[in-house]
Structures are given as C-alpha cells and as structure tokens.
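Residue strings, one per chain:
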Amino acid sequence: MTTADHNLLRTPLYALHQELGAKFVPFAGYEMPVQYRLGVLGEHKHCRSQAGLFDVSHMGQLRLRGNAPARALETLVPGEIQALKPGRTRYTLLTNDMGGIRDDLMVTNLGDHLFLVVNAGTKHDDIAHLRLGLGGQAIVEYLDTRALMALQGPAAAAVMTRFVPELASMPFMSARATTVAGFECFLTRSGYTGEDGWEISVEAEAAEGLARRLLAEPEVAAIGLGARDSLRLEAGLCLYGHDIDETTTPIEAGLDWAIGKRRRGEGGFPGSATILQQLAEGPPRRRVGILPEGKAPAREHTEIQIAGTRIGEITSGGFGPSAGGPIAMGYVAAAHAAPGTVVDLIIRGTPRPARITDMPFTAHRYFRG
C-alpha cells in the first residue's frame, strides 16, 4: 500500500519495504514504512523482546571538516564537543538566539572530522545554518549517498557479534568502522528506542544487501515508524517538532544534562544567556511524563488542567504496549511539575483524570560495558 503523492522521496530500501508488505505514510518529505505484516503492536513487542531493524535513511548524515571542527561547532551548540574523545558519540542541540532548540543531533569524533546525524525534517535547514554559522571555520558535507539503519533490541548484540565478535565490548555512545556481512559500515552503539543496539551507516547501493542479511537472522524483524514512535515515547525520548522545537529551551525540556560543565561557565553558544539563567533559576515550565487513568490515550495538543485552569499541553501521547496502558509527555507550569500531581486531561471536551510521573515509562537497557 502506497501513498499517491509522487513528490515524496524514497530511501534506498523502498523496494525491500514493498516486498515485506509495508504500509507507507508521508513523513518528513519521504514515503516511509509505518508498519509491516506484524502490525504496530507486534513490531513494538518484537523490538522489546528480540531485535528490530529500522530504516532511518531519511535522517541527515553530515561530515564537518576543518582545522578545529569541534571548536567551531561549539559556537552553535551547548555541548562539550572539544572534550569528545575519538571514537565517541555525544547528543547535543542546535540552539537559537532565544534559547530555543533548532534541532537535536548526534555528534561523533572521528579524529580528522566530526560525523553528525540530524533530523530528517530539519536537515536542509541545519546544513544551511551550519554553513552560515561556521563560516570558514569548517566545511559541511552532506553525505547523501549513504543509507542509515538501526538495529535495536535485547538480541541486537547477539546478532551483530555473529558478524563481528569484538562488537560485544563496544560501549554505548561509541563508534567504529567495520565490515558487517561483507559490507563496509560505520557503526555507533546508539538508538532511539531505549534498547541496546546500533545505528549503521552504509553506502546506499549496499543498504538492501545488508538489510536482507540482517533480516535473515531469526531474531530480527523489520519495524516501521509506528512502533518507532511508541518505543521512543516509552523511553521518554523527545521527538523534534513535537516535544522540542524553537519555542522550547533545553532546560524546559529536561535536557540540561546535554549542556557541558565548561559550557555552563563560559556560555558562547546561541541563546546561552536565557538557557544559563533558566539553569540557575529554573524554567517557567517543564516537560513531564503523564499517566492517564483508564484505557483512553491522550494525544498531542490535549490540554492539561488543574481545577479548570490550563497549566499545559501534551506533546506526545498514545498507548504504551510495554508500559501496559496509555502514556504521554508534555509541558506544564513548573509549579505543577512534581511527580504525583493530579491533573485533568481535556479529551473531547471532557476532563479525564491523570497524574504527573517520572520518565522513562520503560527502563533503558543501553549497554554500559
């Protein structure tokens, strides 16, 4: 089943998705698989219990080259990129002058250059922003000839170590180039599900061959965007354009851990005055987990109230298969952000009880070594 919009782009794995019975939806300008024959619920459970293979080739893969690309990038992000050791990966944020989040991204130090993975919907804006902001300090290369896959789940390590045994000891948020099933790949031990796993960058023409080889392993199933969303929501991970955007600061979003210690002292990144002030004094609102009572899920834009007064809004919500019920996250006024706070969710005009809770809803199972 496909969409009728012929203006949508397709990833190098599109034909394989069709063969696997994918249902497609438009996402970030691409025709992407939302689910396969297992369905969203089956795919979610499979990833939590075994291993799921995701096509994330719509994401932007970039290379930053120059005499000091890490120092240059620090003028645009609040992370400590200069302190990042070779072969290590770090989550960081592109901020704007008001302290809002332009995008969130992964940065890997590969010695003579930095490797960046940015969000699909913002990648072209990010490239323009990086080129303008970095000026002549670093060269930004868009690696548009590469595909990207993610293998996630408790069996991911067993699958990958059949091909490359030394990957067993590869720590979370580290990177290496290697050959998997005869295909040259660049791996980071990372992902977006809360599970152990790898993101696998490979040349586009090799992507289908590698995907078929991984899917041939008994633990691995193809997973679409539907389960990817429920998995990341259970893990309490933000989706750009929903839970974070140019109107939310890292402190409001609970991403203060992404602001390096040195950067907190020196500033020097866009919006640093606002961000560091909120870090010291507290933000006006906070991102929180929300547990609705009953079985009805609360969706994005659902209003959050206390005693008839609006205190915030849900930014992501749905059913959490592993959590066993409806879950959500959103922003509430800081005074009402404490776990255990009882709130009302206004669903189709009717107040439904819920409470503020800590996240994640399902414990992270990253490999720490």
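Calculation notes
- Residues numbered from 1 in each chain as written.
- Predicted model: local features only at pLDDT ≥ 70, side-chain atom pairs only at ≥ 80, totals over all residues.
- Heavy atoms only, no water.
- Helix = DSSP H or I, 4+ residues; strand = E, 2+ residues; numbered from the N terminus.
- Rg over C-alpha atoms; globule rule 2.2 N^0.38 Å.
- Buried < 20%, exposed > 50% of the residue type's maximum accessible area, 1.4 Å probe, protein only.
- Contact = heavy atoms within 4.5 Å.
- Areas by Shrake-Rupley, 256 points an atom, 1.4 Å probe, with all protein chains shown as cover.
- Axes fitted to C-alpha atoms, helices over the stretch in contact; angles between N-to-C directions.
- Parallel < 35°, antiparallel > 145°, perpendicular 65-115°, else oblique.
- Left-handed = near helix turned anticlockwise from the far one by under 90°.
- Nonpolar A, V, L, I, M, F, W, Y, C, P; charged D, E, K, R; others polar.
- Pairing = 2+ DSSP bridges.
- Core = buried A, V, L, I, M, F, W, Y, C linked by side-chain atoms within 4.5 Å.
- Arc of directions from axis to C-beta.

(A) Inspection of the overall build of the protein chain at higher detail. Helix and strand counts for the protein chain stand at nine helices and 19 strands. The C-alpha radius of gyration of the protein chain comes to 20 Å, within 12% of the 21 Å expected for a compact globule of 369 residues. Taking the principal axes of the C-alpha coordinates as reference, the protein chain spans close to 60 × 50 × 45 Å. The burial tally for the protein chain puts 55% of its 369 residues in the buried class. Long-range contacts, defined as pairs at least 24 residues apart, comprise 64% of the intrachain contacts of the protein chain with a sequence gap of at least 6. Accessible surface computed for the protein chain: about 15400 Å², of which carbon and sulfur atoms make up 52%.

(B) Fine view of the environment of F319. Position of F319 among the secondary structure elements: in strand β16 (residues 309–320). Accessibility expressed as a relative area gives 43% for F319, which makes it partly exposed. Each C-alpha atom, one on F319 and one on K295, is 8.5 Å from the other, the two residues being 24 residues apart in sequence. Discounting residues that sit within four places of it in the chain, F319 has contacts with S230, P297, G324, G325 and P326.

(C) The arrangement of the packing of helix α2 (residues 39–49) against helix α7 (residues 225–234) in detail. In contact at an axis separation of 8 Å, α2 and α7 are set at 55° when each is read in the N-to-C sense. Our classification of the angle between α2 and α7 gives oblique. As for the relative orientation of α2 and α7, their crossing is right-handed in sense. Residues V40, E43, H44, C47 and R48 of α2 pack against G226, A227, S230, L231 and E234 of α7. Residue composition of the contact of α2 with α7, by class: four nonpolar, three polar and three charged.

(D) Region of the structure containing the sheet that holds strand β19 (residues 350–357). The strand order around the closed barrel formed by six strands is β14-β17-β16-β15-β18-β19, and the pairing between neighbours is antiparallel. Averaged over all adjacent pairs, the angle separating strand axes in this sheet is 45°, with direction ignored. Here four bridges tie strand β15 (residues 303–306) to β16, and the two strands are oriented antiparallel to one another. Looking across to β16, one finds that I304 is bridged to G312. Contacts from α7 reach β16 and β17 (325–333), with the element oriented near 125° to β16.

(E) Region of interest: the nonpolar core. Among the nonpolar cores identified, the biggest contains 28 residues, and L151, M160, L187, W198 and I200 are the most heavily contacted of them. Those elements that provide at least two residues to this core are β3 (51–55), β9 (146–152), α5 (156–163), β11 (183–188), β12 (197–203) and α6 (204–215). Not counting the four nearest positions on each side in its chain, I200 is found in contact with A147, L148, M149, L151, M160, C185, F186, L187, L210 and L214. I81, L84, V118 and I127 belong to the second largest nonpolar core, which has 20 residues in total.

(F) Local environment of unusual backbone geometry. The omega torsion of the bond from M359 to P360 falls at 5°, within 30 degrees of zero and hence cis. Structurally, P360 can be placed in the segment after β19. For A181, which is not a glycine, the phi torsion comes out positive at approximately 55°. Summarising the element assignment, A181 is placed in the loop between β10 (175–180) and β11. Judged by relative accessible area, A181 falls into the partly exposed class, the value being 30%. Here R348, not a glycine, exhibits a phi torsion of approximately 50°, which is positive. Looking at the secondary structure, you find R348 in the loop between β18 (342–347) and β19.

(G) Local environment of the sheet that holds strand β8 (residues 139–142). The strand order across the open sheet built from five strands is β5-β6-β7-β4-β8, with neighbouring strands paired in antiparallel fashion. For this open sheet the edge positions go to β5 (89–95) and β8, each flanked by a neighbour on one side alone. In this sheet, adjacent strand axes meet at a mean angle of 30° when their direction is disregarded. One ladder, built from four bridges, connects strand β4 (residues 60–65) with β8; its direction is antiparallel. By the bridge assignment, R65 is partnered in β8 with I139.

(H) Focus on helix α9 (residues 272–281). Listed as buried for α9 are S272, I275 and Q278. In an axial view of α9, the angular spread of the buried residues amounts to 135°, which keeps them on one side of the axis. Set apart from the buried face of α9 by more than 90 degrees, the exposed residues are A273, A280 and E281. Along its buried surface, α9 packs onto β5. Looking at the residues trailing α9, positive phi occurs at G282, about 95°.

(I) Layout of the pairing of β19. Across four bridges, the pairing between strand β14 (residues 285–292) and β19 is antiparallel. Each bridged residue has a counterpart across the sheet, and for G289 the counterpart in β19 is T357. Examined bridge by bridge, β18 and β19 share six bridges and lie antiparallel to one another. Bridging across to β19, V343 finds its partner in A354. The turn linking β18 back onto β19 is made up of two residues, and R348 within it adopts a positive phi angle of 50°.

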